[in-house]
Amino acid sequence: MLSKEDTVIGFIGTGVMGKSMAGHLLEAGYQLTIYTRTKDKAADLLEKGAVWSESPRDVAQKADVVFTIVGYPSDVKEVYFGENGLIAHAKPGSYLIDMTTSTPSLAKEIYEKAKEKGIHAIDAPVSGGDIGAREARLAVMVGCDDEAFLQVEPLLNILGTNIVHQGEAGAGQHTKMCNQIAIASNMIGVCEAIIYAENSGLDPETVLKSISTGAAGSWSLSNLAPRMIDGNFEPGFFIKHFIKDMKIALDEAKRMDMQVPGLSLALSLYEQIAENGEENSGTQALYKYWKQS
């Protein structure tokens, strides 16, 4: 097992979610070395005892386990396959855990390249947004070998409350696509419900007291609808990243010759508000589609 005393953890990507996740590992007593493209984003973690690394290569050479959570599949490719990337420089026997929402095919490619070098690669995308990351209540969807999962599960339990091994490499990313497909259509319903409440003269906060605990209840209704009502569109999860995820899911569905009309509609609505300058807002800013119409 990976002992706390002897295990150095690397963390690459300290954005909206990664910062909190890295913080939980540090608070749990692990030695932590971090890298992010904008060092200022890691300032709080460095003050608390994390060690700065100059590149993914530097992280790989120091760490026994490396977590990554970056923006896009292109970023994942650079971090893992670049000249200063993890695959080229990670220690044999180390564990690389990508928590970015990326493509299943890339997860499999990372797994195969890592295996050639005696490195364990794991795809482990998460759901729960900034709240889940901050409160260590993330759902983690894991794709990897059975033995690798047993080794890293204690670390994943520090970050979330619902850790499920879905299967072999790529299975975690496929599961995350299921998650994003479900959220996409649900967000349309949440927004329409709040707009309907407002247009009918109801107090939307009072409406939520009734509908959030009934059959209509969902994470988005309980956590994001109040932000809509308050006019808070700060990102718990960026629209630009959700659009990326929906496009991945749509591509995967096409490969399976599967129709996804709900996903297609949600993507078109999100693309419209992104074009209106909301790409860096939180996903709850879909509410503005009806306000701008």
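Summary of the structure given here. Remember, it's a predicted structure, so these values are computed and weren't measured experimentally.

Concerning the overall build of the protein chain
A tally of helices and strands in the protein chain yields 15 helices and nine strands. Taking 19 Å as the expected radius of gyration for a compact globule of 293 residues, we find that the protein chain reaches 20 Å, a close match to that expectation. The C-alpha extent of the protein chain, read off along each of the three principal axes, is 60 × 45 × 35 Å. Within the protein chain, buried positions represent 53% of all 293 residues. Relative to all contacts within the protein chain whose residues are 6 or more apart in sequence, the contacts with residues 24 or more apart total 67%. Across the protein chain, 26 positive and 38 negative side-chain charges occur, with their mean positions spaced 2 Å apart.

Overview of empty space enclosed by the protein
For the structure shown, the criterion picks out one cavity of 30 Å³ or more. Size it by volume and the largest cavity reaches roughly 90 Å³. Looking at the largest cavity, it is lined by 15 residues, and the ones nearest its centre are Asp98, Ala107, Ile110, Ile122 and Asp123. Those elements giving two or more residues to the lining of the largest cavity turn out to be α4 (73-81), β5 (95-98), α6 (104-116) and β6 (120-123). Considering every element that reaches the lining of the largest cavity, the biggest residue donor is α6, with four residues. Here the residues of the lining of the largest cavity are counted per class, giving 10 nonpolar, three polar and two charged.

Let's talk about the state of the cysteines
For the structure shown, the criterion picks out zero disulfides. Its sulfur unpaired, Cys178 is 17 Å from the next cysteine sulfur, which belongs to Cys144.

Some remarks on the packing of helix α1 (residues 18-27) against helix α8 (residues 146-159)
Axis angle and axis distance: for two packed helices, these are the angle between their axes and the distance between the axes, and together they describe the pair. Viewed as axis vectors pointing N to C, α1 and α8 meet at an angle of 115°, and their least axial separation amounts to 9 Å. Both α1 and α8 take part in a crossing whose hand is right-handed. Contact residues: Met21, His24 and Leu25 in α1; Leu155, Ile158 and Leu159 in α8. Its residues assigned to classes, the contact of α1 with α8 shows five nonpolar, one polar and no charged.

Observations concerning the pattern of salt bridges
Working definition: two side chains of opposite charge can pair if their charged atoms are close together. A complete count under the given rule lists 12 salt bridges for this structure. A salt bridge links Asp58 to Lys62; its shortest N-O distance comes to 3.4 Å. With a gap of four residues between them, Asp58 and Lys62 both fall in helix α3 (residues 56-62), about one helical turn apart. The class for Asp58 is buried, based on a relative accessible area of 19%. What emerges from the salt-bridge pattern is a single network uniting Asp130, Arg134 and Arg227.

A closer look at the nonpolar core
Ranked by size, the top nonpolar core spans 56 residues in total, and within it Met21, Phe67 and Met99 carry the most contacts. The element contributing the most residues to this core is α8, with six residues. Apart from residues lying up to four places away in sequence, Met99 is in contact with Met21, Phe67, Thr68, Ile69, Ala124, Pro125, Val126, Val140, Leu156 and Leu159. The next biggest cluster of nonpolar side chains, apart from the first, holds 33 residues, and it includes Met187, Leu224, Ala225 and Ala249.

Remarks on the layout of surface pockets
Empty space among the atoms becomes apparent when a probe as large as a water molecule is rolled across them. In this structure, the largest pocket encloses a volume near 790 Å³. Along its surface, the largest pocket is lined by 36 residues, and Gly13, Arg37, Ile69, Val70 and Gly71 are the ones closest to its centre. Looking at the lining of the largest pocket, its residues break down into 13 nonpolar, 14 polar and nine charged. The space that makes up the second largest pocket amounts to roughly 440 Å³. For the lining of the second largest pocket, the secondary-structure elements that each account for two or more residues are β7 (126-127), α7 (129-134), α9 (171-199) and α11 (219-223). Residue contributions to the lining of the second largest pocket peak at six residues, all from α9. Looking at the lining of the second largest pocket residue by residue, the classes come out as nine nonpolar, 11 polar and three charged.

Here's the deal with α4
Within α4 the residues assigned to the buried category are Pro73, Asp75, Val76, Val79 and Tyr80. Down the axis of α4, the buried set is contained in an arc of 155°. They therefore lie on one face.

Things to note about the packing of α9 against helix α10 (residues 204-211)
Following both chains from N to C, one finds α9 and α10 inclined at 130°, their axes separated by 9 Å at the closest point. When the interaxial angle is binned, α9 and α10 end up oblique. The handedness of the crossing between α9 and α10 is right-handed. Along its contact with α9, which presents Ile194, Ala197 and Glu198, the element α10 presents Pro204, Val207 and Leu208. Class assignment for the residues of the contact of α9 with α10 results in five nonpolar, no polar and one charged.

Procedures and definitions
- Residues numbered from 1 in each chain as written.
- Predicted model: local features only at pLDDT ≥ 70, side-chain atom pairs only at ≥ 80, totals over all residues.
- Heavy atoms only, no water.
- Helix = DSSP H or I, 4+ residues; strand = E, 2+ residues; numbered from the N terminus.
- Rg over C-alpha atoms; globule rule 2.2 N^0.38 Å.
- Buried < 20%, exposed > 50% of the residue type's maximum accessible area, 1.4 Å probe, protein only.
- Contact = heavy atoms within 4.5 Å.
- Lys, Arg positive; Asp, Glu negative; His and termini not counted.
- Charge placed at Lys NZ, Arg CZ, Asp CG, Glu CD.
- 1 Å grid on protein atoms, 1.4 Å probe; cavity = no way out; pocket = protein on both sides within 12 Å on 5 of 7 lines; lining within 4 Å.
- Points joined across faces, edges and corners; volume = space filled by probe spheres on them.
- Nonpolar A, V, L, I, M, F, W, Y, C, P; charged D, E, K, R; others polar.
- Disulfide = S-S within 2.5 Å.
- Axes fitted to C-alpha atoms, helices over the stretch in contact; angles between N-to-C directions.
- Left-handed = near helix turned anticlockwise from the far one by under 90°.
- Salt bridge = Lys/Arg side-chain N within 4 Å of Asp/Glu carboxyl O.
- Core = buried A, V, L, I, M, F, W, Y, C linked by side-chain atoms within 4.5 Å.
- Arc of directions from axis to C-beta.
- Parallel < 35°, antiparallel > 145°, perpendicular 65-115°, else oblique.

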